[in-house]
Amino acid sequence: MAPLNYDTIVVGMGPSGTMAATTLAKAGKRVLALEAQDRIGGRVRTVPFGDGIVELGAEWIHGTEHSRVYELAIQNNVTVLSQPLDYKMYRSDGSEADSALVNDLLTFSLGVVDEPPPEPEPLGQYITRR
Ligand SMILES: Cc1cc2nc3c(=O)[nH]c(=O)nc-3n(C[C@H](O)[C@H](O)[C@H](O)COP(=O)(O)OP(=O)(O)OC[C@H]3O[C@@H](n4cnc5c(N)ncnc54)[C@H](O)[C@@H]3O)c2cc1C
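All of these numbers come straight from a predicted model, not from anything done at the bench.

**Q** Quick one: what's the story with the overall build of the chain, residue by residue and with numbers?
**A** Along its length, the chain carries four helices and four strands. Ordering the α and β elements of the chain from the N terminus gives β-α-β-β-β-α-α-α. Computed over the C-alpha atoms, the radius of gyration of the chain is 19 Å, more than 25% above the 14 Å expected from 2.2 N^0.38 for a compact globule of 130 residues. Taken over the C-alpha atoms alone, the chain extends approximately 60 × 45 × 30 Å along its principal axes. Taken across its 130 residues, the chain has 15% of its residues classed as buried. Pairs at least 24 residues apart make up 19% of the contacts formed inside the chain by residues separated by at least 6 positions. Within the structure as shown, the chain displays about 10,700 Å² of accessible surface, and the carbon and sulfur contribution to it stands at 57%.

**Q** Lay out the site of the ligand with the relevant residues and their values.
**A** In the neighbourhood of the ligand, 17 residues make up the surrounding shell, with Ser16, Glu35, Gln37, Arg43 and Trp60 lying closest. Within the side chain of His62, a nitrogen or oxygen atom sits 3.3 Å from a nitrogen atom of the ligand. When the free accessible area of the ligand is taken as 1,000 Å², the share hidden by the protein chains comes to 57%. In terms of residue class, the shell around the ligand is built from seven nonpolar, seven polar and three charged.

**Q** Describe in detail unusual backbone geometry, supporting the description with residues and values.
**A** At His66, a position not held by glycine, the phi torsion is positive, near 50 degrees. Relative to the helices and strands, His66 is located in the loop between strand E4 (52-55) and helix H2 (68-75). Residues other than glycine seldom take positive phi values, yet Asn77 does so here, at roughly 55 degrees. Note that Asn77 resides in the loop between H2 and helix H3 (99-113).

Criteria and cut-off values
Residues numbered from 1 in each chain as written. Predicted model: local features only at pLDDT ≥ 70, side-chain atom pairs only at ≥ 80, totals over all residues. Heavy atoms only, no water. Helix = DSSP H or I, 4+ residues; strand = E, 2+ residues; numbered from the N terminus. Rg over C-alpha atoms; globule rule 2.2 N^0.38 Å. Buried < 20%, exposed > 50% of the residue type's maximum accessible area, 1.4 Å probe, protein only. Contact = heavy atoms within 4.5 Å. Areas by Shrake-Rupley, 256 points an atom, 1.4 Å probe, with all protein chains shown as cover. Near = heavy atom within 4 Å. Polar contact = N/O pair within 3.5 Å; in protein donor to acceptor, adjacent residues only side chain to side chain. Nonpolar A, V, L, I, M, F, W, Y, C, P; charged D, E, K, R; others polar.

Structure follows, in structure tokens:
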């Protein structure tokens, strides 16, 4: 039977909660991890699609320097592939969009993220303002 006393209760088994619960448990703490949904992962969600899989949520590790996620992937022998920022873009009706323009905007947006605003504000609002 599960113990009724815990050192820590972690609420939510997305990446943050999973990491917190794992770290605490490895340190010998008694941890109760709670998740409201019927699966763990939170906004990371891999689902079957055709003969393969598709990511409905997070899939990219943004940067390799000082990245806990990257370090964790390497420690766990996860294959990590670099991906150049050069996408082909399609509208929902299947027609090709202006990929060059979208790639320019994407590069601009990612550059802006490296220069955070002095006061916190929603990311979309900040990028639009810049
Ligand atoms: C479409 C999409 C694409 C993304 N792409 C990327 C990407 O490529 N790279 C990247 O770095 N980030 C990406 N992100 C962001 C990334 O998913 C989040 O930063 C990350 O999932 C946050 O982790 P978290 O554990 O803090 O929260 P979450 O992943 O949101 O997990 C929270 C968990 O807590 C549970 N929960 C909430 N309230 C309760 C409660 N009261 N009781 C029990 N359980 C509860 C939820 O069900 C959920 O499972 C993306 C997000 C989305 C939506």
